[in-house]
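The residues making up each chain are set out below.
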Amino acid sequence: RGSEWERDAHVEYLARSSDAALRIDGSVRIHGYYSRSRNKKSFRFYFPSMAASEHQPHNPFTWSSPAPERVVVFGARELTVSRDELFQNLYADAGGFAPANMPVFLYLNAEPWGIYFVRERIDEEFLQRRAGPGQYDLLDAQPGEPRVLAGDRVHWDHTLQFFTTRDLADSETFAKAAQLIDIDNFTAYWLYNIYAANFDWPHHNMNM
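Residues numbered from 1 in each chain as written. Predicted model: local features only at pLDDT ≥ 70, side-chain atom pairs only at ≥ 80, totals over all residues. Heavy atoms only, no water.

### Concerning the overall build of the protein
Okay, so step 1: Secondary structure summary: the protein contains five helices and eight strands in total.
Okay, so step 2: For the protein, the succession of helices and strands along the chain, N to C, is β-β-β-β-α-β-β-α-β-β-α-α-α.
Okay, so step 3: By principal-axis analysis of the C-alpha atoms, the protein measures approximately 60 × 35 × 35 Å.
Okay, so step 4: When burial is assessed residue by residue, the protein has 36% of its 208 residues classed as buried.
Okay, so step 5: Partitioning the intrachain contacts of the protein with sequence separation of at least 6 by distance along the chain shows that 46% fall at a separation of at least 24.
Okay, so step 6: Summed over its atoms, the accessible surface of the protein is roughly 13,300 Å², and 54% of this surface lies on carbon and sulfur atoms.
Okay, so step 7: Charge-centre separation for the protein: the mean point of 21 positive side chains lies 6 Å from the mean point of 28 negative side chains. (Helix = DSSP H or I, 4+ residues; strand = E, 2+ residues; numbered from the N terminus. Buried < 20%, exposed > 50% of the residue type's maximum accessible area, 1.4 Å probe, protein only. Contact = heavy atoms within 4.5 Å. Areas by Shrake-Rupley, 256 points an atom, 1.4 Å probe, with all protein chains shown as cover. Lys, Arg positive; Asp, Glu negative; His and termini not counted. Charge placed at Lys NZ, Arg CZ, Asp CG, Glu CD.)

### Comments concerning helix α5 (residues 183–195)
Okay, so step 1: Spanning 13 residues, α5 covers 18 Å between terminal C-alpha atoms, matching the ideal 18 Å at 1.5 Å per step.
Okay, so step 2: Its side-chain oxygen placed 3.3 Å from the backbone nitrogen of D184, D182 serves as the N-cap of α5.
Okay, so step 3: A197 lies just past α5 and shows a positive phi near 55°. (Expected span 1.5 Å × (residues − 1). Polar contact = N/O pair within 3.5 Å; in protein donor to acceptor, adjacent residues only side chain to side chain.)

### Observations concerning the pattern of salt bridges
Okay, so step 1: Counted under the stated rule, the structure contains 10 salt bridges.
Okay, so step 2: The salt bridge involving E12 is made with R23; its shortest N-O contact spans 3.3 Å. Note that E12 is positioned in strand β1 (residues 7–13) and R23 in strand β2 (residues 22–31), a separation of 11 residues in sequence.
Okay, so step 3: For the salt bridge of R121 with D123, the shortest nitrogen-to-oxygen distance reads 3.9 Å.
Okay, so step 4: By relative accessible area, R121 is classed as partly exposed at 22%.
Okay, so step 5: In the salt-bridge network here, residues are joined through shared partners; they are R70, E120, E125, R129 and R130. (Salt bridge = Lys/Arg side-chain N within 4 Å of Asp/Glu carboxyl O.)

### Digging into the packing of aromatic side chains
Okay, so step 1: Enumeration according to the criterion identifies 15 aromatic pairs in this entry.
Okay, so step 2: Each ring, one from F45 and one from F47, has its centre 5.3 Å from the other, and the planes form 15°; the classification is stacked. Residues F45 and F47 agree in their burial class; the two are buried.
Okay, so step 3: The ring of W5 is capped by R7, whose NZ or CZ atom sits 5.1 Å from the centre of that ring.
Okay, so step 4: Sitting above the plane of the F97 ring, R130 keeps its charged end 5.2 Å from the centroid. (Phe/Tyr/Trp six-rings, centres within 6.5 Å; stacked < 30°, edge-to-face > 60°. Lys NZ or Arg CZ within 6 Å of the ring centre and 35° of its normal.)

### Concerning the sheet that holds strand β3 (residues 42–48)
Okay, so step 1: Spatially, β1-β2-β3-β4-β6-β5 is the arrangement adopted by the six strands of the open sheet, whose pairing is antiparallel. Each of the sheet's edge strands pairs with one partner strand only, and the pair in question is β1 and β5 (101–108). On average, each strand axis in the sheet is tilted by 40° relative to the strand beside it, whichever way the strands run.
Okay, so step 2: Strand direction decides the pairing type here: β5 and strand β6 (residues 111–120), joined by eight bridges, are antiparallel. For L108, the partnering residue across the bridge sits in β6 and is E111. (Pairing = 2+ DSSP bridges. Axes fitted to C-alpha atoms, helices over the stretch in contact; angles between N-to-C directions.)

### Overview of the layout of surface pockets
Okay, so step 1: Size it by volume and the second largest pocket reaches roughly 770 Å³.
Okay, so step 2: Around the second largest pocket, the lining is made up of 25 residues, and of these E12, F74, F105, L106 and Y107 lie nearest the centre.
Okay, so step 3: Of all the elements in the fold, those that place two or more residues in the lining of the second largest pocket are β1, β3 and β5.
Okay, so step 4: Across the lining of the second largest pocket, the residue classes tally to 20 nonpolar, two polar and three charged. (1 Å grid on protein atoms, 1.4 Å probe; cavity = no way out; pocket = protein on both sides within 12 Å on 5 of 7 lines; lining within 4 Å. Points joined across faces, edges and corners; volume = space filled by probe spheres on them. Nonpolar A, V, L, I, M, F, W, Y, C, P; charged D, E, K, R; others polar.)

In structure tokens form, the structure reads like this:
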């Protein structure tokens, strides 16, 4: 786990077209919690942000960023489209805030490892690039207390206290609640995850 396991890596992306290969030097780590015990690993790839002139709309490797470094996840999948990618795409198409993903067939050290999905990692760089420059508080759901990924949890604790101590049936209170969270976005996010039967959530795999 973590930076002590990180290794230098060289990635080559070969498109279906006849375009030249995209070659990127960076570093790689194992990604995931329980999934890291499986034979087919997921990976996290760190690499320098590319210039705007190299942008390709359908290739997340090439998207420019205000941060000097970006991270993408190589998510291990089997021979079918997974529920994660299916519902991420449906949610994004409906206007939801979701990371982009791209299917690839991965070769690791020239050995075939099968179908993977390259997707954006939700971190401070992702928020600055997708939502705009600034400082963000980003928390990762954990059993018990959330883990701080960026900023702090002061506003989160304030928001949580509001919702656990107020009567939302009161119209004035509900109006104040709408100033703390995006009600429509929050509702849609939960409906999509419940309908998708996301069993590894919300105690895991949820960021705030």
